[in-house]
Amino acid sequence: MMMNKRIYLSLAAAILPLVTLAQPNAAEYKKRAESIYRLVWSHYRVAKYNGLFLENYPSGRSDSLNYFQGESVKEKEVSFLWPFSGVFTSTNILMRVPGLKAKYKPYQDSLVTGIEQYRDTLRQPPGYQAYPVRFEKADRYYDDNGLVGIDYMESYFNTHNPLYLKRAKEVFKFILSGWNNDAGGGVTWLEGHNDQKPACSNGMATLTALKIYEGSKEHYYLEQGKRFYNWMYNILRDSTTGIISNDVKLDGKQNRIFWTYNTGSLIEAAVLLYKFTGEAKYLAQAKQLAASSYGYYSKLPHSKALKLHIDVPWFVTVLFRGYEALYKIDHNYQYIAAIEHDLNYAWQNSRDKYGFITKSWLPDTKQLAKPKWLLDEACIAELYARLYMLKTIK
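Chains are numbered independently. Their residues run from 1 in the order of the written sequence. Since the coordinates come from a predicted model, pLDDT governs what is reported: local features require at least 70, and pairs of side-chain atoms require 80 or more to be given and counted, while whole-chain, interface and lining totals use all residues. Working from all heavy atoms in the structure, the side-chain values ignore hydrogens and water.

A. Inspection of unusual backbone geometry at higher detail. Omega for the bond connecting Tyr57 with Pro58 falls within 30 degrees of zero, at -10°, which places this linkage in the cis form. Position of Pro58 relative to the elements: it lies in the loop between strand 1 (56–57) and strand 2 (64–65). Note the cis peptide between Gln124 and Pro125, where omega equals -5°. The phi torsion at His160 lies on the positive side, around 60°, for a residue other than glycine. Secondary structure elements follow DSSP: runs of H or I of four or more residues count as helices, runs of E of two or more count as strands, with numbering from the N terminus.

In structure tokens form, the structure reads like this:
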């Protein structure tokens, strides 16, 4: 989920005329969220393994997956942890929709069963490996574990089950085991590889710490969240674009690749720090990151049918989370409106015969015919559920 987790998108290939879309009402957003979620659950779930999913649908197990350290690997019998987390997150967001908590609680229970199959307790401290333990021993990525921590805290907010808070704290302990003072601090990408300090690992660690603080009010986690946040803002923020670089090498040189989610995670973290501390600098930094990211991604080459450059749908979803958190403070809807427009264009124009959306959010013929990645589809349910709540909950 960082420099080597490359998903190359051919966005510039489809130059389409500018389209003005009629904005659906809130009820339609709820309908779309539940519809795509049902499709994901019915098509990707692997019946023989409770709580686990396919990597792609349709699954030919021939796809090369390029989001790991080193060489690519072939698609396997079930998905890796990263795409699995997209289903877990969307479930937790749907549970926040008024009237839907009881409906989606059984799905959450199934996902907890699923995610625990990635938990490795043989290596200490315990952490979650990239592929279920029952199949093989696999690497443990710190960014994956940050996602587990966030998902468990969102589950805790929904249910107040103390086990979920306990699991999130355990995950954070594992992430902290990857911290060292090279490049001024931060954690690496995966256990045992000290070659770079990426935004993905540190951004998700920041959010894990801050959400644990939100749920537990233990000051230790607020201080750890500040430590991660300050390191990212000071070390990874690019002085030219004002947004977050992909990683920093141990010699202090930034890798100036700018995925949408890396800035998105820090915007959300800045807003949380402002809420928890009342310090105006965090709100100012959130606004700066939001404005800079919007300016950057709206100017990158992209289809005229869209308002923003879409790198990876889930990455854009993480950026949306940051914009959403800031909107609830400053009520500036501009940034959310751009993603909302592009998502609606994708829904109306870029779905395949199964109802799944292309990775570019464009009606590209080749992409329409290809199998769809679990992470690209699960996040659509999350986005529409978030939009529904923004439109209806005051």
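B. Quick look at the sheet that holds strand 7 (residues 247–249). Read across the open sheet, the three strands follow the order 6-7-8; overall the sheet is antiparallel. Every interior strand has two partners, whereas the edge strands, strand 6 (196–198) and strand 8 (254–255), have only one. Pairing between strands is defined by DSSP: at least two bridges between the two strands are required. Two elements, strand 6 and strand 7, share three bridges in a ladder whose sense is antiparallel. Within strand 7, the position partnered with Pro198 by the bridge is Asp247.

C. Quick look at the pattern of salt bridges. By definition, a salt bridge exists where a carboxyl oxygen of Asp or Glu is found within 4 Å of a side-chain nitrogen of Lys or Arg. All told, the structure shown has 24 salt bridges when counted by the stated rule. One salt bridge in this structure joins Lys211 and Glu268, with 3.1 Å as the shortest N-O distance. With a gap of 57 residues between them, Lys211 in helix 6 (residues 199–216) and Glu268 in helix 8 (residues 260–277) connect regions that are remote in the sequence. The buried category is assigned to Lys211, whose relative accessible area is 6%. Summary of the burial criterion: residues with accessible area below 20% of their type's maximum are buried, those above 50% are exposed, and those between are partly exposed, where the area comes from a 1.4 Å probe applied to protein chains only. Its relative accessible area of 11% is what places Glu268 among the buried residues. In this structure, a network of salt bridges that share partners links the residues Arg321, Glu324, Lys328, Glu382 and Arg386.

D. Inspection of the packing of helix 4 (residues 142–159) against helix 5 (residues 162–176) at higher detail. To obtain each axis, a line is fitted to C-alpha atoms, and for helices this fit is confined to the stretch in contact; angles are then taken between N-to-C directions over 0 to 180 degrees. Interaxial distance between helix 4 and helix 5 falls to 8 Å at its minimum, and their mutual angle equals 160°. Classified by the angle between their axes, helix 4 and helix 5 sit roughly antiparallel to one another. Like other packed secondary-structure pairs, helix 4 and helix 5 cross with a definite hand, here left-handed. Residues Tyr142, Asn145, Gly146, Val148, Gly149, Tyr152, Met153, Ser155, Tyr156 and Thr159 of helix 4 form the contact with helix 5, whose participating residues are Pro162, Tyr164, Leu165, Arg167, Ala168, Val171, Phe174 and Ile175. Roughly parallel covers angles under 35 degrees, roughly antiparallel covers those over 145, roughly perpendicular covers 65 to 115, and oblique covers all other angles. Crossing handedness follows the turn of the near helix against the far one: under a right angle anticlockwise gives a left-handed crossing, and clockwise gives a right-handed one. Contacts between residues were defined by any pair of non-hydrogen atoms, one from each residue, lying within 4.5 Å.

E. Representation of helix 7 (residues 219–235) within the structure. Here the expected length of a helix is defined as 1.5 Å per residue gap, with one fewer gap than residues. The terminal C-alpha atoms of helix 7 lie 24 Å apart, and with 17 residues this matches the ideal 24 Å at 1.5 Å per residue to within 8%. Listed in full, the buried residues belonging to helix 7 are Tyr221, Leu222, Gln224, Gly225, Lys226, Phe228, Tyr229, Trp231, Met232 and Tyr233. Of the surrounding elements, those touching the buried residues of helix 7 are helix 5, strand 6, helix 6, strand 7, helix 8 and helix 9 (280–299).

F. Inspection of helix 5 at higher detail. For helix 5, built from 15 residues, the straight-helix expectation of 21 Å at 1.5 Å per residue is met to within 8% by its first-to-last C-alpha distance of 21 Å. Among the residues of helix 5, those classed as buried are Tyr164, Leu165, Arg167, Ala168, Val171, Phe172, Phe174, Ile175 and Leu176. On its buried side, helix 5 packs onto helix 3 (101–115), strand 4 (119–120), strand 5 (127–128), helix 4, helix 6 and helix 7. Pairing of N or O atoms within 3.5 Å defines a polar contact, subject to two protein rules: one partner must be a possible hydrogen donor and the other a possible acceptor, and residues neighboring in sequence count only if both atoms are side-chain atoms. At the N-terminal boundary of helix 5, the capping side chain belongs to Asn161, with an oxygen 2.9 Å from the backbone nitrogen of Leu163.

G. Structural view of the packing of aromatic side chains. The criterion for an aromatic pair is that two Phe, Tyr or Trp rings (for Trp, the six-membered ring) have centres within 6.5 Å, with stacked assigned to planes under 30 degrees apart, edge-to-face to planes over 60 apart and tilted to the rest. The full count for this structure, using the stated rule, is 48 aromatic pairs. On the numbers, 5.4 Å between centres and 70° between planes, the contact of Tyr44 with Phe356 is edge-to-face. Linking Tyr44 in helix 1 (residues 26–44) with Phe356 in the loop between helix 11 (334–349) and helix 12 (365–369), this pair joins segments that are 312 residues apart in sequence. Of the two residues, Tyr44 and Phe356, neither departs from the other in class, the shared state being buried. Note on criteria: charge over ring means Lys NZ or Arg CZ within 6 Å of the ring centre, with the direction from the centre no more than 35 degrees off the ring normal. Cation over ring: Arg134 sits above Phe135, and NZ or CZ is 5.8 Å from the ring centre.

H. View of the environment of Glu116. Its place among the elements puts Glu116 in the loop between helix 3 and strand 4. Counting along the chain gives 87 residues from Glu116 to Gly203, while the straight-line C-alpha distance between them is 23 Å.

I. Broad picture of the packing of helix 6 against helix 8. Following both chains from N to C, one finds helix 6 and helix 8 inclined at 25°, their axes separated by 9 Å at the closest point. Between helix 6 and helix 8, the crossing angle belongs to the class labelled roughly parallel. When the axes of helix 6 and helix 8 are compared, the crossing they make is left-handed. Of helix 8, the residues touching helix 6 (which contributes Ala199, Cys200, Gly203, Met204, Thr206, Leu207, Leu210, Lys211, Tyr213 and Glu214) are Tyr261, Asn262, Ser265, Glu268, Ala269, Leu272, Leu273 and Phe276. Of the residues belonging to the contact of helix 6 with helix 8, the class tally is 11 nonpolar, four polar and three charged. The nonpolar class holds Ala, Val, Leu, Ile, Met, Phe, Trp, Tyr, Cys and Pro. Asp, Glu, Lys and Arg form the charged class, and all remaining residues, Gly among them, are polar.

J. Region of the structure containing the side chain of Asn262. As for its position among the elements, Asn262 is in helix 8. In this structure Asn262 touches Ala199, Cys200, Met232, Ile244, Ser245 and Asn246, once residues within four positions along its chain are discounted.

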